[in-house]
Amino acid sequence: MDLDTRPLHPLFAAEVIGLDLREPPSPVLVAAIDAAMDRYAVLVLRDQDLDDDQQLAFAKALGTLEPSAAVVDAHLQRLKHPEMVDISNLEIDGSILGAEDRRRMFNLGNRLWHSDSSFRSTPAKYSILHARVIPPHGGETEFADMRAAWDALPESTKTLIEPLVCDHSLIYSRALLGFDAFTEQERRDFAPVPQRLVRKHPGSGRRSIYLSSHIGTIHGWPRPEAMALIRDLTEHATQREFVYRHAWRPHDLVMWDNRCTMHRARVFDDKQYKRDLRRLTLEDSAPTLEQPV
Ligand SMILES: [Fe+2]
């Protein structure tokens, strides 16, 4: 079975036509989705009027869910499923978060290019994000193709970075925005984890640069030199030619492969308008250092 796809970008990302995700997918459909993900890395499905249970059932059919969100103030959970990550600017009661709220400050980190859960020892495979409420302007999500970015590197850079291992932590990404208001417990929960800088994407056999704003150092390198290289690589990998920009409509479901893409949220007037998206995240098979390259 092949999905009916329409490319959204010359390098990656496609819209999938004609699926209704309210019913959990058959094994045949799951295999077709995986094949399309291996090719495109970002899939867009419009007009999917899903509730939380339906989104959860769809995600579970595709793989193993990450158990719970890694966020500050994790006890303030608006959504009923602990596995569901609340990508919104909303308070538990549905009102807009206060401008100084610690959760708002923390969530601003989503504006930095990252790969979801690269700060977990076993990081994320797919993210499955569903739009419920969209602001009138802004709030797009941009995706960058890390396989194409690898392909475009000079050979000398490929040789340099191929063996490198980075440490990733939420503490590092938030520090880039000047946020350091973590509790002692959160500091322990968000301790750095090692990840390879260059990965082999199993479904396509292609290499990708495993970049993320969660990177805080490279093993064996002086930290400023490490971060200068990571910044150079990030600038290279997020050039416009490698980026697909998704303008959301309510009921869009977008899924992406965190093993070979980065993404970031774009600004919107989050003190005036509501934006409510809900994410489920599939675990990868193992820590990147235990995966074949
Ligand atoms: Fe994300």
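Calculation notes
- The residue count restarts for each chain, going from 1 along the sequence in the order it is written.
- Totals for whole chains, interfaces and linings use all residues, but because this is a predicted model, local features are given only for residues with pLDDT of at least 70 and pairs of side-chain atoms are given and counted only at 80 or more.
- Hydrogens are left out, water is left out, and the side-chain values use all remaining heavy atoms of the structure.
- Any N, O or S atom lying within 2.8 Å of the metal counts as a donor, and for Na, K and Ca the limit rises to 3.2 Å; water is left out, so some sites can look incomplete.
- Numbering of helices and strands starts at the N terminus; helices are DSSP runs of H or I of at least 4 residues and strands are runs of E of at least 2.
- Exposure is judged per residue with a 1.4 Å probe applied to protein chains only, and the accessible area is read against the type maximum: over 50% gives exposed, under 20% gives buried, and values in between give partly exposed.
- Two strands pair if DSSP finds at least two bridges between them.
- All axes here are fitted lines through C-alpha atoms, helices being fitted over the stretch that makes contact, and every angle between N-to-C directions spans 0 to 180 degrees.
- In this analysis, two residues are considered to be in contact whenever any of their non-hydrogen atoms come within 4.5 Å of each other.
- By definition here, a helix of n residues has an expected span of 1.5 Å times n minus one.
- Put simply, a nonpolar core is a bunch of buried Ala, Val, Leu, Ile, Met, Phe, Trp, Tyr and Cys residues held in one set by side-chain atoms that sit within 4.5 Å of each other.
- Note on aromatic pairs: the rings of Phe, Tyr and Trp (six-membered ring only in Trp) are paired at centre separations within 6.5 Å, and the planes decide the class, stacked below 30 degrees, edge-to-face beyond 60, tilted for the rest.
- By definition here, a salt bridge exists when the distance from a side-chain nitrogen of Lys or Arg to a carboxyl oxygen of Asp or Glu is within 4 Å.
- Under this definition, polar contacts are N or O atom pairs within 3.5 Å; protein pairs additionally need one hydrogen-donor-capable and one acceptor-capable atom, and for neighbouring residues in sequence, both atoms have to be side-chain atoms.

Asks: Help me understand the coordination of the iron ion, please; the structure alone is not making it clear to me.
Replies: At this site the iron ion is bound by His114 (NE2), Asp116 (OD) and His263 (NE2), with donor distances of 2.1 to 2.2 Å. Counting residues between consecutive donors of the iron ion along the chain gives the motif H-x1-D-x146-H. Of this pair, His114 sits in the loop between α3 (102-107) and β5 (124-133) while His263 sits in strand β14 (residues 261-265); the two residues are 149 residues apart in sequence, bridging distant segments of the chain. As far as the burial class goes, His114 and His263 line up, both buried.

Asks: Just checking my understanding: could you explain the sheet that holds strand β15 (residues 276-283) for this structure?
Replies: Note: strands within a sheet are paired through backbone hydrogen bonds, in either parallel or antiparallel orientation. Pairing within the open sheet is mixed, and its 7 strands lie in the order β1-β2-β3-β13-β5-β15-β4. Looking at strand neighbours, the two that pair on one side only are β1 (4-7) and β4 (85-88), the edges of this open sheet. Averaged over all neighbouring strand pairs, the angle between strand axes comes to 25 degrees, with direction disregarded. By the bridge criterion, 5 bridges tie β5 to strand β13 (residues 253-257) in an arrangement that is antiparallel. Residue Tyr126 lies in a different strand from β13, and its bridge partner there is Asp257. Contacts from helix α1 (residues 27-40) reach β1, β2 (14-17), β3 (42-45), β5 and β13, with the element oriented near 125 degrees to β3.

Asks: Is there a simple way to explain α1 in this structure?
Replies: In an α-helix there are 3.6 residues to a turn, and that puts residues three or four apart on one side. A rise of 1.5 Å per residue sets the reference length of α1, with its 14 residues, at 20 Å; its end C-alpha atoms lie 20 Å apart and thus fit the reference within 8%. For α1, the complete set of buried residues consists of Leu29, Val30, Ala32, Ile33, Asp34, Ala36, Met37 and Tyr40. Just past α1, the residue Ala41 takes up positive phi, approximately 70 degrees.

Asks: How should the nonpolar core be read in this particular structure?
Replies: As a rule of thumb, soluble globular proteins bury nonpolar side chains together. Among the nonpolar cores identified, the biggest contains 28 residues, and Ile33, Leu43 and Met255 are the most heavily contacted of them. Of all the elements in the fold, those that place two or more residues in this core are β2, α1, β3, α2 (52-62), β5, β13 and β15. For this core, the element with the highest residue contribution is α1, accounting for 7 residues. Ignoring any residue separated from it by four or fewer positions in sequence, one finds Leu43 in contact with Ala14, Val16, Ile33, Ala36, Met37, Leu253, Val254 and Met255. Counting 24 residues, the second largest nonpolar core, distinct from the first, contains Met146, Ala148, Leu197 and Val243.

Asks: Would you mind going over the packing of aromatic side chains with me for this structure?
Replies: Here the distance between the centres and the angle between the planes together describe a pair of aromatic rings. Under the defined criterion, the tally for this structure stands at 6 aromatic pairs. Plain terms: the ring middles of Phe143 and Trp256 are 5.1 Å apart, the flat faces sit at 55 degrees to each other, and that makes the pair tilted. One end of the pair, Phe143, is in strand β6 (residues 141-145); the other, Trp256, is in strand β13, with 113 residues separating them in the sequence. According to the relative accessible area criterion, Trp256 is buried, its value standing at 1%. For the ring pair Phe179 and Phe182, a centre distance of 5.2 Å and an interplane angle of 85 degrees mean the geometry is edge-to-face. The exposure class assigned to Phe179 is buried, which follows from its relative accessible area of 9%. Of the residues examined, Phe182 reaches a relative accessible area of 8% and is grouped as buried.

Asks: Just checking my understanding: could you explain the pattern of salt bridges for this structure?
Replies: A full pass over the atoms with the stated rule returns 23 salt bridges. Residue Asp257 is joined to Arg259 by a salt bridge in which the shortest nitrogen-to-oxygen separation is 2.8 Å. A salt bridge links Asp276 to Arg278, with the shortest nitrogen-to-oxygen separation between them at 2.8 Å. Accessibility classification places Asp276 together with Arg278 in one group, the buried group. When salt bridges with common partners are traced through the structure, they connect Asp52, Arg78, Asp86, Arg132, Asp276 and Arg278 into a single cluster.

Asks: Could you clarify how one ought to interpret the sheet that holds strand β8 (residues 193-196) in this entry?
Replies: Strand order in the open sheet formed by 3 strands is β8-β7-β11, and the pairing between neighbours is antiparallel. Whereas interior strands pair on both sides, the edge strands pair on one side only; in this sheet they are β8 and β11 (215-218). This sheet shows a mean twist of 35 degrees between the axes of neighbouring strands, independent of strand direction. Relative to β11, strand β7 (residues 165-168) runs antiparallel, the two being bridged by 3 bridges. Considered in β11, the bridge of Asp167 is made with Thr217. The strands touched by helix α8 (residues 223-237) are β7 and β11; relative to β11, the strand with the most contacts, the crossing angle is about 120 degrees.

Asks: What exactly am I supposed to notice about the side chain of Arg279 here?
Replies: Note that Arg279 resides in strand β15. We classify Arg279 as buried; its relative accessible area is 10%. Here Asp116 takes part through its side chain, which lies 3.3 Å from a polar atom of the side chain of Arg279. At 2.9 Å, the side chain of Arg279 forms a polar contact with the side chain of Thr281.

Don't take any of this as a statement about function, it's just geometry.
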